[in-house]
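As a plain string of letters, each chain reads:
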Amino acid sequence: VESIIDSPARRWLSWMDCYNTLPMYGDYEAQRHWMELTLHVPINQWYYYDLDWWGLDYPPLTAYVSWICGKIGSILDPTWFALDSSRGYESDESKLFMRSTVLVCEFLIYVPAVLMFVNWWFVGNSWKKRELAVLLILLQPALILIDNGHFQYNSVMLGLTLWAVNCFFYDYDVLGSVFFCLSLSFKQMALYYALPIFSYLLGKCIKNDVRGIVKLGITVIVTFGIVFYPFLGSLEQISQVIIRIFPLQRGLYEDKVANIWCAINVIIKLREIFDIHVLAKISLITTVLAILPSCVYLGLNPDKRYLIYGLANSSLAFFMFSFQVHEKSILLPVLPICLLILDDTFWCSWFINVAMFSMFPLLKKDKLVLPYFTVWLMWNWIGSFIKQDTKPIILKYISW
């Protein structure tokens, strides 16, 4: 209970000092603008409207959530989301509302998914151990800082993916497929998890009932069909949606992302030597090669616990080798690795610390240095007591 109560407090504190730069230069304005856009622009123009000012570049489910948030916010104060004239708008009340939407989404989707996962994964363990796992997962610093500081809704995508995994654990594969399709429909980065999930379900169907492949295939088609339905009016419109979701022109990677291409580029200027289409093919081939062994193994051995390791391997391979990677994409491998925090404490905590280090340039640019070190050090301080007899106050009720 303490972990759930403590979680929003840490998130709230993570953005107290992050408004020293104009919001139009950050993701805060992007998310606010999409609420404005979806409220006032016809749905068939969402992916066309003024693309130079934070044009919509996420799948439709993100837009629908933006519309809901914008609708509620406009009831409180229409000036927050007035078309065009509200660009760069920032007030204490609007900031409070915007940040609250992140917390509400997280507590509606991500937090229950974590609780359900821990209940299944640690079945047979003491409740105190489960509470410790919940505490460390919910207070994982990277997600807190990106969603509540940098400002995004990654917890929705990650929560939907985790709901899919939970359904697979309880053998509700059709429902799990719906959840994962919704995750993909919220953020295209969920593709990092697609191949291991496909391999697991395919292997399970071949092993148990081949007819399940047809059932799952229909589920996927129907789910995507419903989500994308408003944009299926013409080939031009659906093509524009796809182009916006997968913007090839953005390049191989962004800023100082800690992946293989950024590291190589220090010595070999890849983006100057190769055409962008050649780089896209190279990244595709290397990504597939990195993922293939674990996916083949998972397909041949569709074990539920292996699925988490497959998700970790696939998402990390995508982060290291795929095309157009951003610093915050590290959140995708962090999720499955953090879920294993009590199974392999040293390596999982080590990885999360490295991930945090890799995001420092991004968060420094957002002037989140103080929240960065505060949340990061506090998570490590809590984790340092896992195998010690002396517990901090927040963990005094936990015993091993």
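Here, the structure is the one placed above.
Predicted, not measured: the structure shown is a model, and the values here were computed from it.

Looking at where arginine 99 falls in the secondary structure, it is placed in helix α4 (residues 92-121). In this structure arginine 99 is buried but unpaired, with aspartate 366 as the nearest side chain of opposite charge at 7.9 Å. Polar side-chain contacts of arginine 99 include one of 3.3 Å to the backbone oxygen of glycine 149.

Per the counting criterion, the structure on display carries 11 salt bridges. Lysine 95 is the salt-bridge partner of glutamate 90, the closest N and O atoms lying 3.5 Å from each other. Linked by salt bridges that have partners in common, Asp171, Asp173, Lys204 and Lys304 make up one network.

Turning next to unusual backbone geometry. With a phi angle near 40°, aspartate 50 is a residue other than glycine that sits in the positive phi range. Summarising the element assignment, aspartate 50 is placed in the loop between α2 (27-40) and α3 (60-76). In this structure, tryptophan 54 is a non-glycine residue whose phi angle is positive, near 50°. You can see tryptophan 54 is positioned in the loop between α2 and α3. For tryptophan 54, a relative accessible area of 28% puts it in the partly exposed group.

Scoring rules and cut-offs
- Residues numbered from 1 in each chain as written.
- Predicted model: local features only at pLDDT ≥ 70, side-chain atom pairs only at ≥ 80, totals over all residues.
- Heavy atoms only, no water.
- Helix = DSSP H or I, 4+ residues; strand = E, 2+ residues; numbered from the N terminus.
- Buried < 20%, exposed > 50% of the residue type's maximum accessible area, 1.4 Å probe, protein only.
- Lys, Arg positive; Asp, Glu negative; His and termini not counted.
- Salt bridge = Lys/Arg side-chain N within 4 Å of Asp/Glu carboxyl O.
- Polar contact = N/O pair within 3.5 Å; in protein donor to acceptor, adjacent residues only side chain to side chain.

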